[in-house]
Amino acid sequence: MARPPSGAVKTAVAPTRSPNGWPVWGHDVVVAKLRHSVASGRVAHAYLFAGPDGVGKTTLAVSFAQALCCQDGTRPDPGLPCGTCLACRKIARGVHPDVETFGLAAQAALAEKSGGKHLSLSIETVRRLASATALRPMEAGRRIVLVEDAETMQGVAQEALLKTLEEPPSSVVLVLLADDAEALLPTIRSRCRLVDLRPVSRATVALALVESGVAQEQAAEIAALAGGRPGWAFRAAGDPALLEGRRAAVDRALGWIAGSTYDRLVAAVRLGDAFQKRRAEVFADLDTLLGVWRDALLLRANLPHYLTYRGHAERLDGLARGWDLDALHRAVCAVQTCLSDLEANVRPRLAIEAMVLQWPTSSPQR
Amino acid sequence: MKVSCLQENLQRALAQVSRAVATKTSLPVLGNVLLATDDGRLRVAATNLEIGITTWIGASIEEEGKVTVDARLLAEFVNTLPNAPVTLRVEPAKFSLNVQSGRDKAGINGVDAEDFPVIPRLEGDAYVATVDPQVLRDMISQVEFAAATDESRPVLAGVLARFEGQRLTLAAADGFRLAVREGELAEPVPDRLDAIVPARAMRELARILGDQTEPVRLAITPNQSQLLVRVGETEFLSRLIDGTFPDYKQIIPKEFATRLEMGRDAFLNAVRRASYFARDNNDVVRIEARAGEEEFTPGSIEVSANAAERGSSQSFVDASVSGPEAQIAFNSRYLVDVLGVLRNGQVLIGVNGSNQAGVVQPVGLEGYTHVIMPMVIGAN
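Residues numbered from 1 in each chain as written. Chains lettered and ligands numbered in written order. Predicted model: local features only at pLDDT ≥ 70, side-chain atom pairs only at ≥ 80, totals over all residues. Heavy atoms only, no water.

The name an unreviewed UniProt entry gives chain B is Beta sliding clamp, with uncultured Thermomicrobiales bacterium as the organism. Per UniProt, the comment on chain B under Subunit (unreviewed entry) is "Forms a ring-shaped head-to-tail homodimer around DNA." Word for word, the UniProt comment on chain B under Sequence similarities (unreviewed entry) is "Belongs to the beta sliding clamp family." (UniProt positions renumbered as here; feature names shortened; annotations may be inferred.)

Participant: Teacher, can you tell me more about the domain arrangement of chain A here?
Facilitator: For an interface, size is often stated in terms of accessible area lost upon the parts coming together. Segmenting chain A into domains produces domain 1 (28-196), domain 2 (202-238) and domain 3 (241-357). Just the C-alpha atoms count here: the centres of domain 1 of chain A and domain 3 of chain A sit 37 Å apart. (Domains from an automatic or database assignment.)

Participant: I'm lost on the packing of helix H8 (residues 202-211) of chain A against helix H9 (residues 216-226) of chain A in this one. Help?
Facilitator: Residue and element names in this part refer to chain A. At a minimum axis distance of 8 Å, the contact between H8 and H9 shows a crossing angle of 140 degrees. One finds that H8 runs oblique with respect to H9. The interaxial crossing formed by H8 with H9 has right-handed handedness. Side by side, H8 and H9 meet where Arg202, Val205, Ala206, Leu209 and Val210 of the first sit next to Gln216, Ala219, Ile222, Ala223, Ala224 and Ala226 of the second. Within the contact of H8 with H9, the residues separate by chemical class into nine nonpolar, one polar and one charged. (Axes fitted to C-alpha atoms, helices over the stretch in contact; angles between N-to-C directions. Helix = DSSP H or I, 4+ residues; strand = E, 2+ residues; numbered from the N terminus. Parallel < 35°, antiparallel > 145°, perpendicular 65-115°, else oblique. Left-handed = near helix turned anticlockwise from the far one by under 90°. Contact = heavy atoms within 4.5 Å. Nonpolar A, V, L, I, M, F, W, Y, C, P; charged D, E, K, R; others polar.)

Participant: Can you help me understand helix H3 (residues 86-93) of chain A in this one?
Facilitator: Spacing of three or four residues puts side chains on the same side of an α-helix, whose turn is 3.6 residues. Residue and element names in this part refer to chain A. When we look at burial in H3, the residues that qualify are Ala87, Cys88, Lys90 and Ile91. An end-on view of H3 places all buried positions within 165 degrees of arc, on one side of the element. Where H3 is buried, its residues contact helix H2 (57-69) and strand E2 (99-102). (Buried < 20%, exposed > 50% of the residue type's maximum accessible area, 1.4 Å probe, protein only. Arc of directions from axis to C-beta.)

Participant: What is the right way to look at the packing of aromatic side chains in this model?
Facilitator: Residues and elements named next belong to chain A. Considering all chains together, one arrives at eight aromatic pairs over all chains under this definition. With centroids separated by 6.3 Å and ring planes inclined at 65 degrees, the aromatic side chains of Tyr47 and Phe49 adopt a geometry described as edge-to-face. Given a relative accessible area of 0%, Phe49 falls into the buried group. Plain terms: the ring middles of Tyr47 and Phe64 are 5.1 Å apart, the flat faces sit at 80 degrees to each other, and that makes the pair edge-to-face. You can see Tyr47 sitting in strand E1 (residues 46-50) and its partner Phe64 sitting in helix H2, a full 17 residues away along the chain. (Phe/Tyr/Trp six-rings, centres within 6.5 Å; stacked < 30°, edge-to-face > 60°.)

Participant: What should I look at first to understand the sheet that holds strand E3 (residues 143-147) of chain A in this one?
Facilitator: Adjacent strands of a sheet pair through backbone hydrogen bonds, lying either parallel or antiparallel. All names here are of chain A. The strand order across the open sheet formed by five strands is E2-E3-E4-E1-E5, and the pairing between neighbours is parallel. The sheet is open, and its two borders are formed by E2 and strand E5 (193-196), each paired with just one other strand. Going from strand to strand, the sheet's axes swing by 20 degrees on average, the running direction of each strand aside. Pairing of E3 with strand E4 (residues 172-178) involves five bridges; the strand directions are parallel. (Pairing = 2+ DSSP bridges.)

Participant: Help me understand the packing of helix H1 (residues 7-18) of chain B against helix H2 (residues 71-79) of chain B, please; the structure alone is not making it clear to me.
Facilitator: Each pair of packed helices can be summarised by the angle the axes make with each other and by the distance between the axes. Residue and element names in this part refer to chain B. Two numbers describe how H1 lies on H2: the axes approach to 9 Å, and their chain directions differ by 145 degrees. Here the hand of the crossing between H1 and H2 comes out left-handed. The residues of H2 that touch H1, namely those facing Gln7, Leu10, Gln11 and Leu14, are Leu74, Ala75, Val78 and Asn79. Here the residues of the contact of H1 with H2 sort into five nonpolar, three polar and no charged.

Participant: How should I be thinking about the interface of chain A and chain B in this particular structure?
Facilitator: Taken together, the contact pairs 27 residues of chain A with 27 residues of chain B. Carbon and sulfur atoms supply 53% of the area buried between chain A and chain B, which totals about 2400 Å² over both sides. Every element with two or more residues in the side of chain A that touches chain B is listed here: H3 and helix H5 (123-133) of chain A. With four residues, H3 of chain A is the largest single contributor of residues to the side of chain A that touches chain B. Grouping the constituent residues of the side of chain A that touches chain B by class yields 13 nonpolar, four polar and 10 charged. (Buried area = accessible area lost by both parts, 1.4 Å probe.)

Participant: For this particular structure, what's the right way to read empty space enclosed by the protein?
Facilitator: Any empty space left between atoms is shown by rolling a water-sized probe over those atoms. Residue and element names in this part refer to chain A. Inspection of the entire model under this criterion finds five cavities of 30 Å³ or more. If you add up the space inside the largest cavity, you get close to 80 Å³. Lining the largest cavity are 12 residues, and of these Pro23, Trp25, Gly56, Thr59 and Pro230 lie nearest its centre. Among the elements that line the lining of the largest cavity, the one with the most residues is helix H10 (residues 230-238), at three residues. Partitioning the lining of the largest cavity into residue classes produces eight nonpolar, four polar and no charged. When residues of the lining of the largest cavity are assigned to domains, at least three map to each of domain 1 (28-196) and domain 2 (202-238). (1 Å grid on protein atoms, 1.4 Å probe; cavity = no way out; pocket = protein on both sides within 12 Å on 5 of 7 lines; lining within 4 Å. Points joined across faces, edges and corners; volume = space filled by probe spheres on them.)

Participant: I would appreciate a short explanation of unusual backbone geometry in the present structure.
Facilitator: The phi angle of most residues is negative, glycine excepted, and most peptide bonds adopt the trans form. Even without glycine at this site, His27 of chain A takes up a positive phi of about 50 degrees. Given the relative accessible area of 11%, His27 of chain A is considered buried. The phi angle at Asp39 of chain B is positive, at roughly 55 degrees, despite the residue not being glycine. Summarising the element assignment, Asp39 of chain B is placed in the loop between strand E2 (32-38) and strand E3 (41-47). Given the relative accessible area of 75%, Asp39 of chain B is considered exposed.

Participant: Explain the nonpolar core here, please?
Facilitator: One broad rule of soluble globular proteins: the nonpolar side chains tend to lie buried together. The biggest cluster of nonpolar side chains holds 99 residues, and the ones touching the most others in it are Leu74, Leu97, Phe163, Phe267 and Ile301 of chain B. Sorting elements by how many residues they give to this core places helix H4 (residues 199-209) of chain B first, with seven residues. The residues touching Leu74 of chain B, leaving out its near neighbours within four places in the chain, are Leu14, Val33, Leu35, Val69, Leu97, Val99 and Ile108 of chain B. Grouped together as the second largest cluster of nonpolar side chains are 59 residues, Ala206, Ala219, Ala233 and Ala268 of chain A included. (Core = buried A, V, L, I, M, F, W, Y, C linked by side-chain atoms within 4.5 Å.)

Below you can see the structure in the form of structure tokens.
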């Protein structure tokens, strides 16, 4: 059943139409290609939109669905949905019967007992999808089926989806959204048109925010923190708590690297012990840490223009001066090694401690 | 919107559409019923996106408008009202419905009617055929149970409706059995047309046909996406399944080596008796046909089942057997299903050896064929 795409930007600050015609900022080449395929009527039966969380996958998919279902027959370019007809409005609100979204949120809503954890798309959801795709459209000429969180599907669920991908009904366009295309079976990837969404340039994200009415200065800060993810930027612009949380995370990371070797090790042990229960948070913290070390390296190299955490530049600058470029580079490498070790299931405490011990000592060398 | 109608009519309409109200859905509006003024009447509609039911009731309309509200809540409230006029009112630009009858009133919060799916109407440009409602109901009941219940092949979860000339054919199959029933249309249709209707929707349609006597009109929307059926003051909608139904005619054997004819009741009883023993042995019942000893003595068939743990049973049914002696094994549930929908009378079973599909047909009644794949008979 249709349901509001949960990944879509739903805040007070909504994206406006970007120069590429869709309310999708950045990804101009991708949008141009999709617009052309709608306009020329050469639409593939399955797409795979891949890119990090917040990069614009759902927004892109919603715009694509609108372009395919728009009822305004008089629009000059069929690849450009009017945005005002009943179909366009219904799709934007997530209530169009022919644009159905299957994802972790929808799965949780339909689950027998509420409150259960939904960490991966289940085979039942895939089966529900298969029987739903078998039906002819209700209102539009086509049916668009969005599969959010596709990367969370386990092997059996992916194999069940293969059947639908192999013999899709003629009226259906399947759009898989995945944070990581590599998590999907090669047989699934090869049956979809792969649309790779790369991080969007900082200037574009800032412009997108300014166009939606965010003040210039705030837009610049958010864009820097967003890491090329317009979706995250819009969420942060509408939700001060998110922005505050990010700032606090940077403060934590700064405090960590400013501490003595002993303090660093204590923090490492604490983080290592938290890993099992709050895996995602620990990864996010280490990611922030990586950004902070990178910023320190950039500051030391006199390249302040590329900083991620501008707001913290002053404090970081004081720290960075104490170390030379080589030491900073080693620190960045150490964090990266730690991240890949954790991915490879090295004992978390060990991996994080080993990282900390490779950092330059906090007593300035001067 | 401001409308008044009789409680009785509203209650009936709400009960009628309630079958199409979605119970579990991620699109909350599907749990609602649509109330809309329509050409001097009140239109009541519900859909779960597989089927949709729309009905019209007489009402005096003071102000046009539409709204959707929770179907269950409205029905529950209306059901308990006295049989008297009910006023339905929606303030302009608001989505809450005021229901009033005498001193009883309720305000039910609703949703913008625009969010409700557009339910297509039976209009002139659709493909239309007319059929007797009781014939159609009969046809559905004899076919729908053979459709697949698992969704691994969506096409088989549906019933094929083929309009051709003056004939309507319904067919359903699940890979182990096939049911085909032909019926007459009131007038010939111009072109052949196939539509695959979900079996669940077919059952719902049979229920709506009830004891109707007026001919019903069947239509397929121009984009071949929905089946619309007009039954009196009610319109039933079913979405169609996308795909091509397997060529079922290839599966039906043209002739049989051995033909068994017997009374349906006696045979059904024998199969039921055997089925209790077959339960622990994959539902296998064996049928063994023996010709009469002389030309004019009747033959008989033995219906037997055995389960190693539980025991065994044998029953004998008088039958006229033509052709060589034969034995074959079927799934008892399939036999019970098909014999259950055949009327009292004689049934014919056609067999071409124990590894070939068997056919069940009513004797003396054209147009119904049921094919069942046999089960493997062990060395036993």
